[in-house]
Amino acid sequence: MSDTFLVTGASKGLGRSIAMSLANSGKSVIALARNSSELDTLNESLKQISSNSQIIACDLASKEDISKAVGKIIGEFKHLSGIVHNAGTISPIENMLDVSRDNWERAVNVNLIGVQDLTRSLDSIIGGESHTRVVTISSGAAKRPLHGWSSYCVSKAGLDMWTRCLAEEGESENISALAIAPGIVDTGMQKEIRQADESSFPLLQNFIEYHKNGELTNPDDVAQKLLPYVTGDLGQNGDILDVRNL
Ligand SMILES: NC(=O)c1ccc[n+]([C@@H]2O[C@H](COP(=O)([O-])OP(=O)(O)OC[C@H]3O[C@@H](n4cnc5c(N)ncnc54)[C@H](OP(=O)(O)O)[C@@H]3O)[C@@H](O)[C@H]2O)c1
């Protein structure tokens, strides 16, 4: 069987492009996202290129879903050459003193806690005799606060440090980890940002302008740039990178 890569948030946007570029380069892909027609159409596209590839429906905010997904993966695959923790949510975009505990918690669960849970649960099929590269998709929001994005900023900052912790502990386990911020990419997440309420997101007009001025990058182009970092051909253990500097 060819090298296998798990890609989260693969149903659309950047994750879909990463999943397809891996499959097009001869890798098997386990594509994870919540159940949707987009995930089903991805399955059809993947199967045409790579018969070992498959989709897994899983809500990363749910520990039961993660446990079921891991059971399925471990039952079918002996080793993962890589994991791309790409799934992410920008929601809720809301002032931090107004946002509900449940909504804030859900975002941190998807963006951060699910990453830790999924990775540690896959322990038996990562690293060891063969190397595993773990890539997390970071954001400029990991480095600076943006008004209205507190759950996203906090979880992305945490994700960068999570990646560095895994780099530290994974070295002796034949696991390398790095984080890459993808720049401003033309995906559903950017659309959601442009639909935010200006009273909780004062930078709204800037993001509308980025889009108007054609400053957003194409997810397929970004995925192509990320590919050698995902496969482990480029990048050092513990790197925190930005695609705009690669
Ligand atoms: N677009 C940008 O400009 C930008 C900038 C910096 C960083 N990023 C990061 O890039 C990554 C990809 O984002 P994108 O722009 O491609 O966004 P997107 O188009 O909104 O896609 C997000 C992906 O995450 C999945 N996802 C969301 N909630 C999930 C959940 N609870 N369980 C499982 N999967 C879930 C979605 O799948 P379902 O909804 O189908 O479950 C989808 O496949 C994210 O980590 C994001 O933070 C994006």
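Everything quoted here is computed from the prediction, not taken from an experiment.

Participant: Sorry if this is basic, but what is going on with the pairing of strand 6 (residues 175–181) here?
Facilitator: Here strand 6 lies mainly inside the structure; seven of its seven residues are buried. The two faces of strand 6 match: I175, A177, A179 and A181 on one face and S176, L178 and I180 on the other face are all buried. Summarising the sheet, strand 5 (residues 132–137) and strand 6 pair through six bridges and their orientation is parallel. Bridging from a neighbouring strand, T132 pairs with I175 of strand 6. In terms of strand pairing, strand 6 meets strand 7 (residues 240–242) through three bridges, oriented parallel. Paired with A181 across the bridge in strand 7 is D242.

Participant: In this structure, what is going on with unusual backbone geometry? I would like to understand it.
Facilitator: It is generally the case that most residues other than glycine have a negative phi and that most peptide bonds are trans. With an omega of 5 degrees, the peptide bond between S91 and P92 qualifies as cis. Tracing the backbone through its elements, the reader meets P92 in the loop between strand 4 (82–85) and helix 4 (101–121). The phi torsion at N174 lies on the positive side, around 65 degrees, for a residue other than glycine. In this fold, N174 is placed in the loop between helix 5 (150–170) and strand 6.

Participant: Sorry, what's going on with the nonpolar core here?
Facilitator: Soluble globular proteins: nonpolar side chains tend toward being buried together. V7, I18, A19, V29, A31 and L32 are the most contacted members of the largest nonpolar core, which totals 65 residues. Non-local contacts of V29, meaning those with residues more than four positions away in its chain, are made with F5, V7, A19, L22, A23, L46, S50 and S53.

Participant: Sorry, what's going on with the packing of helix 3 (residues 63–76) against helix 4 here?
Facilitator: What describes two packed helices is the angle between their axes and the distance between those same axes. Relative to each other, helix 3 and helix 4 sit at 30 degrees, their axes nearing to 10 Å. In terms of axis orientation, helix 3 runs roughly parallel to helix 4. In the packing of helix 3 onto helix 4, the handedness of the crossing is right-handed. Along the contact surface, helix 3 presents K63, I66, S67 and V70, while helix 4 presents G114, D117, L118 and S121. Partitioned by chemical class, the residues of the contact of helix 3 with helix 4 number three nonpolar, three polar and two charged.

Participant: Help me understand the site of the ligand in this model?
Facilitator: Near the ligand there are 30 residues, and of these G9, G13, R34, G88 and T187 occur at the shortest range. Among the elements of the structure, helix 1 (13–24) and helix 6 (188–194) are those that each provide at least two residues to the shell around the ligand. Looking at the shell around the ligand, its residues break down into 14 nonpolar, twelve polar and four charged.

Procedures and definitions
Residues numbered from 1 in each chain as written. Predicted model: local features only at pLDDT ≥ 70, side-chain atom pairs only at ≥ 80, totals over all residues. Buried ≥ 20, exposed ≤ 12 C-beta atoms within 10 Å, placed from the backbone. Helix = DSSP H or I, 4+ residues; strand = E, 2+ residues; numbered from the N terminus. Pairing = 2+ DSSP bridges. Core = buried A, V, L, I, M, F, W, Y, C linked by C-beta atoms within 7 Å. Contact = placed C-beta atoms within 7 Å. Axes fitted to C-alpha atoms, helices over the stretch in contact; angles between N-to-C directions. Parallel < 35°, antiparallel > 145°, perpendicular 65-115°, else oblique. Left-handed = near helix turned anticlockwise from the far one by under 90°. Nonpolar A, V, L, I, M, F, W, Y, C, P; charged D, E, K, R; others polar. Near = placed C-beta within 6 Å.

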